[in-house]
Amino acid sequence: QIPFQMKFINEQSVNFLLEEAPEMPRLINYTEGHHTKSFIRKGIVGMLVGSGGVGKTHALAQLAISITTGIPWFGKYPVEKIGYVFMGMGENSEEDIHRLLRKVVKKLFQEEITFFDKNPLLEASKRLAVASFNGTDSSFICKGQPTQSYELLLHELKEREPEEGWSCIILDPISRFLGADAETDNASATRFVALLEKLTLELKGHPTVLFGHHMSKNAQASRNTDQAAARGSSAITDGVR
């Protein structure tokens with residue numbers, strides 16, 4: 001049973017009407033004039049949508065390297081704080097993940113790495129955890145209920161959680177984790193999003209959960225890039241950033 005407790009504002013430890021709210025937690029920023037603003041929030045569930053082969057997986061891998069090294073994402077978006085990242089790859093073997101990450105770091109650092117006092121990749125290797133779900137049934141939800149795959153992942157994330165917590169959980173592509181029902185059924189998709197939200201709530205780092213997702217055929221044909229471009233259930237789009 002889900003615990004639920006209603007409180008009046010004056011019963012809260014902080015009065016929401018009278019006291020300033022804490023600043024929005026940030027993962028990745030952008031600069032506008034002299035102001036730094038949040039580009040990707042900390043503690044949300046979000047998705048990166050694009051057609052096949054455009055580089056979603058590479059973009060997410062670059063994000064993982066940026067968070068674990070502190071270098072700006074795409075050389076443009078500053079990292080709020082160096083942190084820990086888990087990457088769960090559904091279509092990549094461990095060798096594929098090795099090739100992907102090596103390709104990313106060679107492009108990002110090139111010859112400049114010799115100018116660092118300490119190789120940042122040595123430190124990043126202590127902050128980046130990876131797992132291949134290739135060849136396995138890794139659906140998180142079946143008939144509206146969390147599967148053993150989901151429970152095992154949540155348990156492992158808690159067991160291996162660093163002292164300061166995870167900053168970001170990356171899952172790519174999300175079709176490997178959705179399950180057949182959640183791909184097309186709004187009710188199942190809503191429950192699936194709730195399972196991802198549970199990761200942000202139950203892990204002490206309150207990480208951002210980001211996943212790669214494909215565009216629908218209609219969106220590709222019409223070159224539609226707005227919020228409705230994602231494939232499958234509308235509840236996935238409506239439930240995440």
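Read on for an overview of the structure. (Residues numbered from 1 in each chain as written. Predicted model: local features only at pLDDT ≥ 70, side-chain atom pairs only at ≥ 80, totals over all residues. Heavy atoms only, no water.)

### Here's the deal with the environment of Val209
If you trace the backbone, Val209 turns up in strand β9 (residues 208-214). Distance from Val209 to Ile170, taken between C-alpha atoms, is 6.0 Å for residues 39 residues apart in sequence. Discounting residues that sit within four places of it in the chain, Val209 has contacts with Ile44, Val45, Gly46, Ile169, Leu196, Leu199 and Thr200. (Helix = DSSP H or I, 4+ residues; strand = E, 2+ residues; numbered from the N terminus. Contact = heavy atoms within 4.5 Å.)

### With respect to the packing of aromatic side chains
Applying the stated criterion to the full structure yields nine aromatic pairs. Taking the centre distance of 4.3 Å and the plane angle of 0° together, the rings of Phe39 and Tyr77 count as stacked. Placement of Phe39 in strand β2 (residues 35-41) and of Tyr77 in the loop between α1 (56-69) and β4 (84-89) is noted, with a sequence separation of 38 residues between them. Note on Phe39: relative accessible area 39%, which makes it partly exposed. Members of the aromatic cluster, joined through ring pairs, are Tyr30, Phe39, Trp73, Phe74 and Tyr77. (Phe/Tyr/Trp six-rings, centres within 6.5 Å; stacked < 30°, edge-to-face > 60°. Buried < 20%, exposed > 50% of the residue type's maximum accessible area, 1.4 Å probe, protein only.)

### Focus: the packing of α1 against helix α2 (residues 94-109)
α2 packs onto α1 with a crossing angle of 65° between their chain directions and a minimal axis gap of 10 Å. Crossing handedness for the pair α1 and α2: right-handed. Contacts between α1 and α2 involve Thr57, His58, Ala61, Gln62, Ile65 and Thr69 on the former and, on the latter, Leu100, Leu101, Lys103, Val104, Val105, Leu108 and Phe109. Class assignment for the residues of the contact of α1 with α2 results in eight nonpolar, four polar and one charged. (Axes fitted to C-alpha atoms, helices over the stretch in contact; angles between N-to-C directions. Left-handed = near helix turned anticlockwise from the far one by under 90°. Nonpolar A, V, L, I, M, F, W, Y, C, P; charged D, E, K, R; others polar.)

### So, unusual backbone geometry
The peptide bond linking Asp172 to Pro173 adopts the cis configuration, its omega dihedral lying at -10°. Of note, Pro173 is situated in the loop between β8 (166-172) and α5 (175-178). Of note, the phi angle at Phe74 is positive, near 55°, even though the residue is not glycine. Inspection of the secondary structure puts Phe74 in the loop between α1 and β4. The partly exposed category is assigned to Phe74, whose relative accessible area is 46%. One non-glycine residue, His206, adopts positive backbone phi at about 45°. Among the structural elements, His206 can be located in the loop between α7 (186-202) and β9.

### Focus: the nonpolar core
Soluble globular proteins: nonpolar side chains tend toward being buried together. Core analysis: the biggest nonpolar cluster contains 28 residues, and Ile28, Val85, Met87 and Ile170 have the highest contact counts within it. Counting only elements with at least two residues in this core, the list comes to β1 (26-32), α1, β4, α2 and β8. Looking at this core element by element, the count peaks at seven residues for α1. If sequence neighbours within four positions are ignored, Val85 has contacts with Ala64, Ile67, Thr68, Arg127, Leu128, Ala129, Trp166, Cys168 and Ile170. Tyr150, Leu153, Leu195 and Val240 belong to the second largest nonpolar core, which has 27 residues in total. (Core = buried A, V, L, I, M, F, W, Y, C linked by side-chain atoms within 4.5 Å.)

### Quick notes on the pairing of β8
The buried fraction of β8 amounts to seven of the seven residues, a majority that puts the element mostly inside the structure. For β4 and β8, the ladder comprises six bridges, and the chain directions are parallel. Across the sheet, Phe86 pairs through a bridge with Ile169, a residue of β8. (Pairing = 2+ DSSP bridges.)

### Some words on α7
In a regular helix each residue adds 1.5 Å, so 17 residues correspond to 24 Å; α7 covers 24 Å between its end C-alpha atoms and thus fits that length. Listed in full, the buried residues belonging to α7 are Ser188, Ala189, Phe192, Val193, Leu195, Leu196, Leu199 and Thr200. Mapping the buried residues of α7 onto a view down its axis gives an arc of 150°, with all of them on the same face. (Expected span 1.5 Å × (residues − 1). Arc of directions from axis to C-beta.)

### Quick word on a nonpolar patch on the surface
On the surface, a nonpolar cluster with roughly 470 Å² of combined accessible area is contributed by Val14, Phe16, Leu17 and Leu18. Structurally, Leu17 is set in the segment before β1. (Patch = residues over 30% accessible without salt bridge, like charges linked within 9 Å, V, L, I, M, F, W, Y side chains within 5 Å. Areas by Shrake-Rupley, 256 points an atom, 1.4 Å probe, with all protein chains shown as cover. Salt bridge = Lys/Arg side-chain N within 4 Å of Asp/Glu carboxyl O.)

### Let's talk about the side chain of Asp172
The residue Asp172 is located in strand β8 in this model. Buried within the structure, Asp172 lacks any salt-bridge partner; its nearest side chain of opposite charge belongs to Lys56, at an N-O separation of 6.3 Å. A polar atom in the side chain of Asp172 sits 2.5 Å from the side chain of Thr57. Beyond its immediate stretch of four places on either side in the chain, Asp172 contacts Thr57, Leu60, Gly88, Met89, Gly90, Glu91, Phe177 and Gly212. (Lys, Arg positive; Asp, Glu negative; His and termini not counted. Polar contact = N/O pair within 3.5 Å; in protein donor to acceptor, adjacent residues only side chain to side chain.)

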